[in-house]
Amino acid sequence: MVTSKLLTQWELFRRVPPEIAQAIEEQAEIAPYAPGEVIVSAGQPFTFFGFLLEGEVVAYLGEDQGELRSIETLQEGSFFGEMSLMTGLQSAVDMIATAPSRVLLIPEDIFQDWIRADPAALQTFSKSIARRSTRIEHEQQDIAHLLGEQAADQDPYGLSLTPDEPQKLLVLNLRTGSLKYRYFDTDDDSRHVEGQVEWIGEARCLQTHARGDREYRFELGPVNHRQALQALLDRLIDPDIGVLDSLEEITAIGHRVVHGGDKYSNAVLIDDQVLDDIRSFSHLAPLHNPLHALGIEWMREILPDVPQVAVFDTAFHQTMPPYAYRYALPEHLYAEHGIRRYGFHGPSHQYVGMMAATHLKKRFSRLKMITCHLGEGASACAIEHGRSIDTSMGLTPLPGLVMVTRSGDIDPAIVTYLMRQGMSADEIDHLLYSESGMKGLSGLSGDTREIPDAANAGDPKAMLAAEAFAYRLRTYIGAYYAALGGLDVLVFTGGIGENAAGVRSMACQNLWSLGILIDAVKNRAVRDATQGVVDISHPDSQVKVLVIHSDASRMIARETVRILGYEAIQKQIEASEIPIPIGVSAHHVHLSQQDVEKLFGEGHTLTPKLPLAQPGQFACEEQVRLIGPRGSIDRVRVLGPARSESQVEISRTEGYRLGINAPVRMSGDLDGTPGLTLEGPAGQAELRNGVIYAQRHLHMTPTDARKLGLQSGDMVRLRVEGEREVVFGDVAVRVSPKFKLEFHLDTDEANAADMNTGDVAYLDGIQKRGHRG
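Residues numbered from 1 in each chain as written. Predicted model: local features only at pLDDT ≥ 70, side-chain atom pairs only at ≥ 80, totals over all residues. Heavy atoms only, no water.

A. View of the overall build of the chain. Each helix and strand in the chain was counted, giving 25 helices and 37 strands. Taken against the 2.2 N^0.38 rule, which gives 28 Å for 773 residues, the C-alpha radius of gyration of the chain at 31 Å falls within 12% of a compact globule. For the C-alpha atoms alone, the extent of the chain along its principal axes is close to 105 × 60 × 60 Å. Across the chain, every contact between residues at least 6 apart in sequence was considered, and the portion connecting residues at least 24 apart equals 68%. Of the roughly 34800 Å² that the chain leaves accessible, carbon and sulfur atoms contribute 49%. Between the averaged position of the 73 positive side-chain charges in the chain and that of its 105 negative side-chain charges there is a distance of 4 Å. (Helix = DSSP H or I, 4+ residues; strand = E, 2+ residues; numbered from the N terminus. Rg over C-alpha atoms; globule rule 2.2 N^0.38 Å. Contact = heavy atoms within 4.5 Å. Areas by Shrake-Rupley, 256 points an atom, 1.4 Å probe, with all protein chains shown as cover. Lys, Arg positive; Asp, Glu negative; His and termini not counted. Charge placed at Lys NZ, Arg CZ, Asp CG, Glu CD.)

B. Molecular detail of the sheet that holds strand 17 (residues 368-374). Taken in spatial order, the 6 strands make up an open sheet running 19-18-17-20-22-21, and their pairing is mixed. A single partner strand is all that each edge strand has here, and the edge strands are strand 19 (387-391) and strand 21 (533-535). Direction aside, the axes of adjacent strands within the sheet are offset by 25° on average. Pairing of strand 17 with strand 18 (residues 378-384), which is carried by 7 bridges, proceeds in the antiparallel orientation. Along strand 18, the bridge assignment pairs Ile370 with Ala382. Sitting on the sheet, helix 11 (residues 346-360) touches strand 17, strand 18, strand 20 (489-493), strand 21 and strand 22 (544-548), and the angle it makes with strand 17 is about 130°. (Pairing = 2+ DSSP bridges. Axes fitted to C-alpha atoms, helices over the stretch in contact; angles between N-to-C directions.)

C. Quick look at the sheet that holds strand 37 (residues 760-768). If you trace the 6 strands once around the closed barrel, you get 23-36-33-35-34-37, paired in mixed fashion. Direction aside, neighbouring strands of the sheet carry axes that sit 45° apart on average. As defined by bridge partners, strand 34 (residues 715-720) adjoins strand 35 (residues 726-735) across 5 bridges and the pair is classed as antiparallel. Each residue of the ladder has a partner; that of Val716, found in strand 35, is Val731.

D. Main features of the nonpolar core. Phe13, Met95 and Trp114 are the most contacted members of the largest nonpolar core, which totals 46 residues. Setting aside its immediate chain neighbours within four residues, Met95 contacts Glu37, Val38, Ile39, Val40, Phe46, Val57, Val58, Ala59, Leu74 and Phe80. Core analysis: the second largest hydrophobic core is formed by 45 residues, Val258, Ala454, Leu487 and Leu511 among them. (Core = buried A, V, L, I, M, F, W, Y, C linked by side-chain atoms within 4.5 Å. Buried < 20%, exposed > 50% of the residue type's maximum accessible area, 1.4 Å probe, protein only.)

E. Representation of unusual backbone geometry within the structure. With an omega of 5°, the peptide bond running from Gly640 to Pro641 counts as cis. Position of Pro641 relative to the elements: it lies in strand 27 (residues 632-643). A positive phi angle, close to 55°, is found at Lys361, a residue other than glycine. By the secondary structure assignment, Lys361 is in the loop between helix 11 and strand 17. Phi is positive for Arg635, close to 55°, though the residue is something other than glycine.

F. Structural view of the pattern of salt bridges. Counted according to the given criterion, the structure contains 33 salt bridges. Between Arg300 and Asp272 there is a salt bridge; the shortest N-O distance is 2.9 Å. Of this pair, Arg300 sits in helix 8 (residues 289-302) while Asp272 sits in helix 7 (residues 272-280); the two residues are 28 residues apart in sequence, bridging distant segments of the chain. Overlapping salt bridges, with partners in common, bring together Arg366, Glu384, Arg665 and Asp669 in one network. (Salt bridge = Lys/Arg side-chain N within 4 Å of Asp/Glu carboxyl O.)

G. A look at the environment of Ile766. For Ile766, the position within the fold is in strand 37. Since its relative accessible area comes to 6%, Ile766 is described here as buried.

H. Up close: helix 22 (residues 593-600). The complete set of buried residues in helix 22 reads Gln593, Asp595, Val596, Leu599 and Phe600. Here the buried residues of helix 22 occupy an arc of 160° about the axis, which is enough to place them on one side. At the exit of helix 22 stands Gly601, carrying a positive phi of roughly 115°. (Arc of directions from axis to C-beta.)

I. Summary view of the packing of aromatic side chains. This model, assessed by the stated rule, comprises 19 aromatic pairs. Ring geometry for Phe46 versus Phe48: centroids 5.6 Å apart, planes at 70°, classification edge-to-face. A single burial state applies to Phe46 and to Phe48, both of which are buried. Here a set of aromatic residues connected by ring pairs shows up, and it is made of Trp10, Phe13, Phe49, Phe51, Phe79, Phe111, Trp114 and Phe125. When the ring centre of Tyr656 is taken as origin, the NZ or CZ atom of Arg630, which lies over that ring, is 4.4 Å away. (Phe/Tyr/Trp six-rings, centres within 6.5 Å; stacked < 30°, edge-to-face > 60°. Lys NZ or Arg CZ within 6 Å of the ring centre and 35° of its normal.)

J. Representation of the packing of helix 12 (residues 413-420) against helix 13 (residues 425-434) within the structure. In the contact formed by helix 12 and helix 13, the axes pass within 10 Å of each other and the chain directions differ by 135°. Accordingly, the angle class assigned to the pair helix 12 and helix 13 is oblique. Handedness of the helix 12/helix 13 crossing: right-handed. The residues of helix 13 that touch helix 12, namely those facing Val415, Leu418 and Met419, are Ile428, Leu431 and Leu432. (Parallel < 35°, antiparallel > 145°, perpendicular 65-115°, else oblique. Left-handed = near helix turned anticlockwise from the far one by under 90°.)

K. Spotlight on the pairing of strand 23 (residues 580-585). Relative to strand 37, strand 23 runs antiparallel, the two being bridged by 2 bridges. Bridge assignment links Pro581 to a residue of strand 37, and that residue is Val760. Summarising the sheet, strand 23 and strand 36 (residues 742-746) pair through 4 bridges and their orientation is parallel. Note that in strand 36 the partner of Ser585 across the bridge is Asp746.

L. Looking closely at the confidence of the model for the chain. With 95% of its residues at a pLDDT of 70 or more, the chain has an overall mean of 89. Segment residues 145-152: pLDDT under 50, and 8 contacts once partners within four positions in sequence are set aside and those in other chains are kept. (pLDDT = per-residue confidence, 0-100.)

M. Structural view of the pairing of strand 32 (residues 691-694). Neither face of strand 32 is open: one carries Val691 and Tyr693, the other Ile692 and Ala694, and all of them are buried. By the bridge criterion, 3 bridges tie strand 28 (residues 647-650) to strand 32 in an arrangement that is parallel. Among the inter-strand pairings, Val648 is bridged to a residue of strand 32, identified as Val691.

N. Structural detail: the side chain of Gln308. Along the polypeptide, Gln308 turns up in strand 16 (residues 308-312). A distance of 2.4 Å separates a polar atom in the side chain of Gln308 from a polar atom in the side chain of His255. Those residues in contact with Gln308, other than ones at most four positions away along the chain, are Ile253, His255, Val268, Leu269, Ile270, Ile296, Met299 and Arg300. (Polar contact = N/O pair within 3.5 Å; in protein donor to acceptor, adjacent residues only side chain to side chain.)

O. Seen up close, the packing of helix 6 (residues 225-236) against helix 8. Running from N to C, helix 6 and helix 8 cross one another at 50°; their axes reach a closest spacing of 11 Å. In terms of their interaxial angle, helix 6 and helix 8 are classed as oblique. Crossing of helix 6 over helix 8 shows right-handed handedness. Of the residues in helix 8, those in contact with His225, Arg226, Leu229, Gln230 and Leu233 of helix 6 are Leu291, Trp298, Met299, Glu301 and Ile302.

Here's what the structure looks like:
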């Protein structure tokens, strides 16, 4: 029997409003539970608020190696069920008695009356929800990580090309004077093929075709690109050396496309519109895109029913922020002519980044990397949390590092000076692309073997060329270290990066102050990087220095498989047309309980003001002042409940006002972010990190995710219709029973698109499938 004497034994009930206490005495009941008896199972809703009068109850979340995984042990005086009752969610855990127990069961309607009538109780339960939800999320992440390690530790990013259904993939790269190709049979590695046709259009045109350890060479004579393409297809079905009985066995074709402008931030299934777009970018890549478009047209004629995928060199770099990709030129040159930095070698940079993450058994999305693709063309890339934030090439593949025959960075006034000396635009192009770089400095040929041999023999011009190459690379490594705010991994790839120990040594010279130190013996011992990842770091190096074989063709094949896997999901999305409410997120602060007390006084708990759209979250009465290096922002709302770590979300405009350049991150991803000072009525809290520009994201429940064929971590496009249709890309999907369907973006983006909270968006397509990276 529930009595007032029983209730007042416990602190929780001593200040309960009299009418609530009376209702508990009249309607609550005390239930006994034997050891091992389940009180509530995971996936079931709570219909009561439980208070443990005696005994012991344990909350279990899933299994670990066949054993139940305990996340909290409740003793006498503990309560449970508040999370489910206040958020409307089902129980995330199994509640099981582990000793003879008695539990006070308070009906749901009385509990709801209680928290409406008693602000102190509401604060107590809100604080408990914050603590327990954080613990559950961390445990769920640990479980997912363990399962992911077991299932995908060896190949978390699909680089081994082992799709669910076997594929026969052809990868094509048509260039001005050559055609490179790869064929992948995902069911039988022994049938892989690699080849190229060189010197197309010349009498010496040669086809090299390799399968396994056998290489075949064919003199083709002065053929054109269409004839060269036909020659490679003929080799694939050749009765003696071929791997196919018929070309119709090919299941998909992946095309390397140099330029995708600023429209394509991902690989894409080719249709008429994509082909037109590739042609439209020809003015940005006149030596490449026209040939890519021709190759696509020809393969559509030859194999009209085989899907084709475009993988853009520029796509990986579309995550660069505007201050990194814009030139300091008048706005109309960008708006009307697309003059900006695009970057190239994207598939190579992304591939070696993923390979490095796999080797280190860390997530690609948690690492700071600098990748150096050093071949005939050379570029460096700064990768932060899986996203390219800067790269050395620009509008064209000419600027940046010193290259074999390309100049890299020069004073732009040199061009106008040469024009005044009588050189034409074509002559200057030829000079900068074909007669400069190490070739121009050394006076030798563009053979990458000749220059180091001459330098080793004491040729001063060759030594200058090698030193200039390494020096420019070293300056970019230093610059990108600063841009990243630290470094976890430095990668060398490409023909020079993989084979020139001297270049790697000179590039890393005097970088110990940045934590970069290579082992001279390991560096010289690198003989064949094609077999995997080679670690040349010194044991004392704080940064991992790796040599990784570049395999852009494999990356293109991987992207082709990935995009084709989205077809069913895309159809599901197109059929759904579910309106998604838009929520415009103004600046706000999440606080840890420790910082709550620093700002508002010891023992203070957050005071709910208004519930938010997401269940269990609320705007608080409390406000703080943000103080940055340049300025401050007053009356910034705190959102509850309290979290394990404080976080500040602002727009770019506000970042400029504060003097802070924050990264674009998902909530909770705070490693390496800048900090600021928070000021409240009771004092200040210094945040060492925690300031972010929020990644635009889409909240949904598991039910919504099933309807749309999506999963947490996916990247999608959202379409907002109206007089001026707007498509938002790179929208991260977050799935949780705690969420409701809503698209979140910040005030800057909403203002630019003339959108408000309450407007709706529609799913337009999937860009990237979520994974551990």
